[in-house]
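Structural overview for review
Listed below are the residues making up each chain.
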Amino acid sequence: MTTTVSDKDIPVCAPPDPHPATPKFKFPPLACDCHAHICGPQDVYKYIPERIYSPPDALIPDYKRLLAALGCTRAVLVQPSFYGTDNSAMLAAMKDAGEGFRGVAVIADTGTTRELEAMHAAGIRGARLNIVDVREGKGQLPMERITRLADRIKPFGWHIEFLMHVDEFPDLDTMLGKLPVDVVFGHLGYVKTEKGTATPGFLALLRLLRDGRAWVKFTGAYRISSQTLPHPDTNGFAHALTAMAPDRIVWGTDWPHVMTKWTIPVPNDGAIADLLLHWIPDAALRARVLADNPAKLYGFR
């Protein structure tokens, strides 16, 4: 049964910092922000009633200013939960943004092959499955649905991107390792840092990386850390992931940092970028993570 919630009872997110600082290191040519969301404009693209938060408008002009401040020339937009399976806002933003943008969509179970073909032509390169920011089905991994989705997107060379807490699934590698497509995990696996890198689900993620079946996004440190910037308790997770599969790590800002529990101000994106100095101290490896790896995962030419 679907629960109806009034708009006035849905938490409103704080906006992103409009003045991103320049990172302390120079981004390489063709650097890519691999995780951002476009919100609105709400008078054109309405949020779904089933959402669990309401962000303010966060549009392409502001996002492109952020990319310029960071030194990124490529970007990947990810369909947020508050739009459900209606990818219209993201697709319109990608069209407005021009070259250098790719997308990860949420695909309806009823979506047709022709619709997938149109999305691919528009720059979509992955399908997202969110089992965290939902009212129903939270924390459940629907394997039959996942298998059907993988079979549908395989001809396009897409991957499945999961928003999930990998520590909740100690057999993650067994569950997902035989899918016919790659899988991608956000927020360093989305494990609260106090659980440690020895938690069975995180070890399963490392095995997926070792076997060449998974990718991980270095995003959203503030979502897993119990410490303030620069979130030193995330370093062990980043180091373990990078050591296991340096060619399967990508990075993203997580702009505009949609969430329901922010203490204002929202972290500055320049400071978020500087976490890479702690996570990946080697400059050559950082360049691979910022440019080479995204080019492979998202099919940039």
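Above this text is the structure in question.
Residues numbered from 1 in each chain as written. Predicted model: local features only at pLDDT ≥ 70, side-chain atom pairs only at ≥ 80, totals over all residues. Heavy atoms only, no water.

Here we take up the environment of Thr85. In this structure, Thr85 sits in the loop between strand E2 (74-78) and helix H2 (88-97). On a C-alpha basis, the gap between Thr85 and Asp171 in space is 28 Å, while along the polypeptide they are 86 residues apart. Aside from chain neighbours lying at most four places away, what touches Thr85 is Gln79, Val106, Ile107 and Ala108. (Helix = DSSP H or I, 4+ residues; strand = E, 2+ residues; numbered from the N terminus. Contact = heavy atoms within 4.5 Å.)

So, on to the sheet that holds strand E7 (residues 214-218). Strand order across the open sheet formed by 8 strands is E1-E2-E3-E4-E5-E6-E7-E8, with parallel pairing between neighbours. The open sheet is flanked by strand E1 (32-36) and strand E8 (249-251), the only strands paired with a single partner. When strand polarity is set aside, the average angle formed by the axes of neighbouring strands in this sheet is 25°. Pairing analysis gives 3 bridges linking strand E3 (residues 101-105) to strand E4 (residues 124-130), with the strands arranged parallel. (Pairing = 2+ DSSP bridges. Axes fitted to C-alpha atoms, helices over the stretch in contact; angles between N-to-C directions.)

Before going further, it helps to examine the packing of aromatic side chains. Applying the stated criterion across every chain, the model contains 12 aromatic pairs. Their ring planes at 75° and their centres at 5.7 Å tell us that Tyr53 and Phe82 sit as a pair that is edge-to-face. Of this pair, Tyr53 sits in the loop between E1 and helix H1 (60-70) while Phe82 sits in the loop between E2 and H2, and the two are 29 residues apart along the sequence. An identical accessibility class is assigned to Tyr53 and Phe82; each is buried. Every member of this aromatic cluster is reached through a ring pair, and the members are Tyr47, Tyr53, Phe82 and Tyr83. Residue placement shows Arg286 over the ring face of Phe25; its charged tip is 4.7 Å from the ring centre. (Phe/Tyr/Trp six-rings, centres within 6.5 Å; stacked < 30°, edge-to-face > 60°. Buried < 20%, exposed > 50% of the residue type's maximum accessible area, 1.4 Å probe, protein only. Lys NZ or Arg CZ within 6 Å of the ring centre and 35° of its normal.)

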